[in-house]
Amino acid sequence: MNAFFQASFLPLHAVLVSFLAVPAILLASRRPNLREGISLFAAVAKFALVLALLGSVLDGNRPVLELLQIAPGISLSLAVDPLGIFFALVASGLWILTTVYSIGYMRGNREGGQTRYYASFALSLSATIGIAFSANLLTFLLFYELLTLATYPLVVHKETPAAIRAGRMYLAYALSAGLLFLAGTIWLQSRTGMGSFTAGGFIAEGLFSSWELTSLFLLFMVGVGVKAGIMPLHSWLPAAMVAPTPVSALLHAVAVVKSGAFGVLRITGFVFGPETMREQGLDLLLACFAGATILLASIIALKQDDLKKRLAFSTIGHLSYIVMGAALASTAAFTGSVLHLSAHALMKITLFLCAGAIYVHAHKTRVSELDGLGRSMPWTFGAFAIGSLGLAGIPPVNGFISKWWLASGSLESGYPLVLGIFLLSGLLNAGYFFPIVIRGFFHAPAETEEGAHAHPASEASPWMVVPLCLTAALAIVFGIMPDFPLPFFDLARQIAESVTLSGPGLLPPSG
Amino acid sequence: MIGEHLPIIVILTYCIAALLMPAAGLLHRKAPSILAFASGLAALVFSFMTLWKTVREGAFNYAVGAWPPPVGIELLADPLSAFFLVVINLVSTIVLFHAHFSDGKESGERSISYYACVMLMLGGFSGIVGTADLFNLFVFLEMSALAGYALLGNGSGRAAHSAFRYLILGTIGASFYLLGLGFIYVETGSLNMGDVSLILGDVGMQTTARIGFVFIIIGISLKMALLPLHQWLPDAYTDAPAMSTALIAPIGAKVAVYVLIRLMYDVFPVAPGDWAFPLHTILAIAGAAGIIWGSVMAIPQTNMKRMLAYSSVAQIGYIALGIGLATPFGYIGAVLHVFNHAIMKACLFLFSARLEKTGQGIRIDKLTPATRRRLPVSTACFVLAAISMIGLPPTAGFFSKWYLILGSLESGNGFYVVVILASSLLNAVYFFRIIERIYFGNTDTDALEPVRVRLTRRNLALVTLALSLLLAGLFNVWIVKSLIAPMVPAF
């Protein structure tokens, strides 16, 4: 039993801390303050544990923890590598802010079923950290399915027919994807054995014929691509926007979709490896889908009037930035891809939190209703402006840095066309985000009709405004100093180099 | 000391309990169910001892009445039969626990005959699994079947009608078995499994033996409700009293599965690749068809028991597929699924029994969040079992699927992989339909009285089954390596 409390079990603790919070939250269902206290405590504890692991990883350690053998030759095992810790930092850090925000949102909105909400939230976070620290495909799949199950109650939270329909759609997409991932895992496992993630890929040459490699790749990509919202597998995401906004924020900007994007990085960088992908032409295949998704999603976002739907399509587009970087898989592109994982998370969560604050405080869900609202909610709209600038790739917000690396990566790998896609997408981003900010600050409020909500005179509750200002501020901080206070850039660089330079791939770029 | 007598002791425990039942009933109103549970527990202990002995010392035979085989009746305890013995007695003991402590409908004036039948049926099941004699197997088959008809027909409404239908079909199945046995006897002059296997190994499977074996397989397939011989199952399970279904559904068909495995792999020399006599392939295809058909038919059902019954048809399909694949992983998957499915189905049918018992009914369209609020713990167990049926990790159901898919890949049949994965999705459709209804519906949940989450004797059986699904999933490697691996034949 003593061994359980030793440092080598830290990865497990990081996964379990919110898992153990679930029964505590359920038991405290009649005492909201205690319940939210437990959530907050678990969030802080989780972040602290991840930080402790970060120190160890930066020192060059790679903690591995084999728990038990779960299938012949495969263990349920957790391993902390730079990519894992990177994702874990993003998810657990933002969970704290989202929990604070949730308290304001759920109480402000008088939502029902709050106990279930906080319990599912904690469970989802356990699954997400589990995904981050998975050492092999089966462990990954286990947490991936757990994440699907844990987020399902959050999607149907409102229990309206629309929510239940969205839940069905979500399950249909996510479970089918899980099954294809399972098929891929078993197929790969039956040929290679254990299948631990290895930087640069682990599929030995000659194990699979060319068409088998392509089918295997497709199985995995559909498996993770559903959560990563690669078109045409994206339709569940806009539908799932019926969920409460903090759910959309954390799960549909951070945990769920980023698990998908993280899965894409794992599969391309740590299962197949850039070299194999390039030999089989898989990089081009993936890049085509990613490029199409980036442009199509941005164009569709342009004409969405529902604010959350617009954000959802923007998310789909930006996830494919990450996919694109993983497909190009040059050092710079992979760096940009990993960086965009955190950058987009910070910026998009800011935007979602703003949308939620607008909904709870001013009861507005449509872009066309926002005229002049920025005057009464300056902090919220200010944060929204920062997020929008970042997503359009304008310095000094952190979106600029990731985009810079992605763009230079596209040149490095010899696809100048991709650079064009990124630039065009930046314009489109500006096209669908800036009007919101302009309406908020510069348009005169519309004449209020009988029965319609007038604009409130003041800012939303500080429970909501403080977190969203913090995320916006962080987006700027990381835009100016990418390695402070957390060494995101350093980690991203390490990850990209380990992936791309492990084989006789590209030459290391200068700088 | 008693070690060598273990094979007969398990059977005798039940037979003696059946005889004592009237005396127990005179003693106290509730004594029959206690006696039933106690003998189930005793039989379980003996089964574990048998398993322990076979794992440590290997297979051993027992000549009943010290008459040497092939003339006398021989019992056999090997890793395969001991494993099935444990599965049967484990699940039935848990269900009997529930029957007694949750105060099922069956305790009452009819309880003496009811529990006597239960004992006879379980004795028959244990006998089928324990015997090494083909005719003796038929005797136990009929003993358990007759008792089973009585248990299923004991309910109200259409129960008697459905049980009668089952009786007719079941008897036809048994007749097929007997007919086939006649052919085998003509060919070999013996009814002892080991003897038959030796003789057929020498002379090969000639036409007579082949015809006989096909008859036997048809009879057994009917008993295990393999598509297209599954027609009796949904009616019989739906109309029967809740406790009878919960007792028979998880293990009844599994006994027939045991017979199939035993005969296909140990007794009759049938080569998997023999295209003139492609039994394995037919079995696998029938299994795959059953998987799809059962799952599709489960979706539109409005009666939960009927839905679960159709799902049983599908799950039997998994097992038949695994047997028919004729690869080590397919075999492991089939046997592991026997165990996993027995636990899952017991859990699911006990939940439907709880619903009936608490007067909420088992009509799926009438389920509301009120169900969950009244039975929070049982509902949670139901959800866990449902997740295991769908086959999501780390529950037990995921791993039977894992081995079956490995087996399909091993045999080079990607088609079966598609079937298994598709059935997962279909499972998700019909289980989430229920989960949706009992968890989400517009009720003002915070205004209602608080949900009381407590572990009581009424839901203890469900909780045990649900937790063992998690444990069986996490420790499946142990089960496979130490219990199933010793029984896998050479392929």
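A word on the overall build of chain B
Step number 1: Of the regular secondary structure elements, chain B holds 19 helices and two strands.
Step number 2: Since a compact globule built from 491 residues should have a radius of gyration of about 23 Å, the 22 Å found for chain B is in line with a globular shape.
Step number 3: C-alpha extents for chain B along the principal axes are approximately 75 × 60 × 45 Å.
Step number 4: Taking all 491 residues of chain B together, 61% fall into the buried category.
Step number 5: For chain B, the share of sequence-separated contacts (at least 6 apart) that also reach a separation of at least 24 residues comes to 80%.

A look at the overall build of chain A
Step number 1: Secondary structure summary: chain A contains 18 helices and two strands in total.
Step number 2: Radius of gyration (C-alpha) of chain A: 22 Å, near the 24 Å computed for a compact globule of 511 residues.
Step number 3: Principal axes of the C-alpha set define a box for chain A whose edges measure 70 × 55 × 40 Å.
Step number 4: When burial is assessed residue by residue, chain A has 60% of its 511 residues classed as buried.
Step number 5: For chain A, contacts bridging at least 24 residues in sequence account for 81% of all contacts bridging at least 6.

What to know about the packing of helix 12 (residues 331–362) of chain A against helix 18 (residues 488–500) of chain A
Residues and elements named next belong to chain A.
Step number 1: Their axes nearest at 8 Å, the elements helix 12 and helix 18 cross at an angle of 140°. In terms of orientation, helix 12 lies oblique with respect to helix 18. Where helix 12 crosses over helix 18, the handedness of that crossing is right-handed. Counting all contacts with helix 12, which are made through Thr 331, Phe 334, Thr 335, Val 338, Leu 339 and Ser 342, the residues of helix 18 involved are Phe 488, Phe 489, Ala 492, Arg 493, Ile 495, Ala 496, Glu 497, Val 499 and Thr 500.
Step number 2: Split by residue class, the contact of helix 12 with helix 18 holds nine nonpolar, four polar and two charged.

A short note on the interface of chain A and chain B
Where interface size is quoted, it is often the accessible area lost as the parts come together.
Step number 1: Counting from both sides, the interface comprises 23 residues of chain A and, opposite them, 26 residues of chain B.
Step number 2: Of all the elements in the fold, those that place two or more residues in the side of chain A that touches chain B are strand 1 (64–71), helix 5 (137–155) and helix 6 (161–192) of chain A.
Step number 3: With nine residues, helix 6 of chain A is the single largest residue contributor to the side of chain A that touches chain B.
Step number 4: Split by residue class, the side of chain A that touches chain B holds 15 nonpolar, five polar and three charged.

A closer look at the nonpolar core
Where a protein is soluble and globular, its nonpolar side chains tend to be buried together.
Step number 1: Ranked by size, the top nonpolar core spans 392 residues in total, and within it Val 323 of chain A together with Cys 347 of chain B carry the most contacts.
Step number 2: Ignoring any residue separated from it by four or fewer positions in sequence, one finds Val 323 of chain A in contact with Ala 228, Ile 230, Ala 261, Val 264, Leu 286 and Ala 290 of chain A.

Digging into the environment of Ser 423 of chain B
Residue and element names in this part refer to chain B.
Step number 1: Inspection of the secondary structure assignment puts Ser 423 in helix 17 (residues 414–439).
Step number 2: Residue class for Ser 423 comes out buried when judged on the 27 C-beta atoms lying within 10 Å of it.
Step number 3: Taking the C-alpha atoms as reference, Ser 423 lies 8.5 Å from Val 296; in sequence the two are 127 residues apart.
Step number 4: Those residues in contact with Ser 423, other than ones at most four positions away along the chain, are Ile 291, Ile 292, Ser 295 and Ala 314.

Concerning the environment of Arg 310 of chain A
All names here are of chain A.
Step number 1: Here Arg 310 is to be found in helix 11 (residues 307–328).
Step number 2: Counting along the chain gives 51 residues from Arg 310 to His 361, while the straight-line C-alpha distance between them is 20 Å.
Step number 3: Setting aside residues no more than four positions away along its own chain, Arg 310 makes contact with Ala 301, Gln 304, Val 367 and Tyr 432.

Considering the packing of helix 6 (residues 159–188) of chain B against helix 9 (residues 232–239) of chain B
All names here are of chain B.
Step number 1: At their nearest, the axes of helix 6 and helix 9 sit 8 Å apart, and the two run at 145° to each other. The hand of the helix 6/helix 9 crossing is left-handed. In this structure, helix 6 uses Ala 159, Ser 162, Ala 163, Arg 165, Tyr 166 and Leu 169 to contact helix 9, whose residues at the interface are Trp 232, Asp 235, Ala 236 and Asp 239.
Step number 2: When the residues that make up the contact of helix 6 with helix 9 are grouped by side-chain class, the tally is six nonpolar, one polar and three charged.

Re unusual backbone geometry
Step number 1: Cis rather than trans, the peptide bond between Leu 227 of chain B and Pro 228 of chain B has omega equal to 0°.
Step number 2: If you trace the backbone, Pro 228 of chain B turns up in the loop between helix 8 (207–224) and helix 9.
Step number 3: Residues Pro 393 of chain B and Pro 394 of chain B are joined by a peptide bond in cis, for which omega reads 0°.
Step number 4: With respect to the element layout, Pro 394 of chain B can be found in the loop between helix 15 (376–390) and helix 16 (396–410).
Step number 5: Here the phi dihedral of Glu 159 of chain A falls at roughly 60°; this positive angle occurs in a residue that is not glycine.

A word on the confidence of the model for chain A
All names here are of chain A.
Step number 1: When the pLDDT values of chain A are averaged, the result is 83; 94% of them are 70 or greater.
Step number 2: The lowest-confidence element of chain A is helix 13 (residues 373–376), averaging 80 in pLDDT; the highest-confidence one is helix 5, averaging 90.
Step number 3: Segment residues 504–511 is flagged for pLDDT under 50; beyond a separation of four residues in sequence, or across chains, it makes eleven contacts in the model.

A closer look at helix 16 (residues 416–442) of chain A
An α-helical turn contains 3.6 residues, so a residue and the one three or four places further along point in the same direction.
Residues and elements named next belong to chain A.
Step number 1: Here helix 16 spans 38 Å end to end across 27 residues, near enough to the 39 Å set by a 1.5 Å rise per residue.
Step number 2: Considering bend angle alone, the principal kink of helix 16 is centred on Phe 433 and spans about 30°; proline Pro 435 follows within four residues of it.
Step number 3: For helix 16, the full list of buried residues reads Val 418, Ile 421, Phe 422, Ser 425, Leu 428, Asn 429, Tyr 432, Phe 433, Ile 436 and Gly 440.
Step number 4: On its buried face, helix 16 sits against helix 10 (282–302), helix 11, helix 13, helix 14 (378–392) and helix 15 (398–412).

The rules we used
Residues numbered from 1 in each chain as written. Chains lettered and ligands numbered in written order. Predicted model: local features only at pLDDT ≥ 70, side-chain atom pairs only at ≥ 80, totals over all residues. Helix = DSSP H or I, 4+ residues; strand = E, 2+ residues; numbered from the N terminus. Rg over C-alpha atoms; globule rule 2.2 N^0.38 Å. Buried ≥ 20, exposed ≤ 12 C-beta atoms within 10 Å, placed from the backbone. Contact = placed C-beta atoms within 7 Å. Axes fitted to C-alpha atoms, helices over the stretch in contact; angles between N-to-C directions. Parallel < 35°, antiparallel > 145°, perpendicular 65-115°, else oblique. Left-handed = near helix turned anticlockwise from the far one by under 90°. Nonpolar A, V, L, I, M, F, W, Y, C, P; charged D, E, K, R; others polar. Core = buried A, V, L, I, M, F, W, Y, C linked by C-beta atoms within 7 Å. pLDDT = per-residue confidence, 0-100. Expected span 1.5 Å × (residues − 1). Bend = angle between axes of the 7 residues up to and from the residue.

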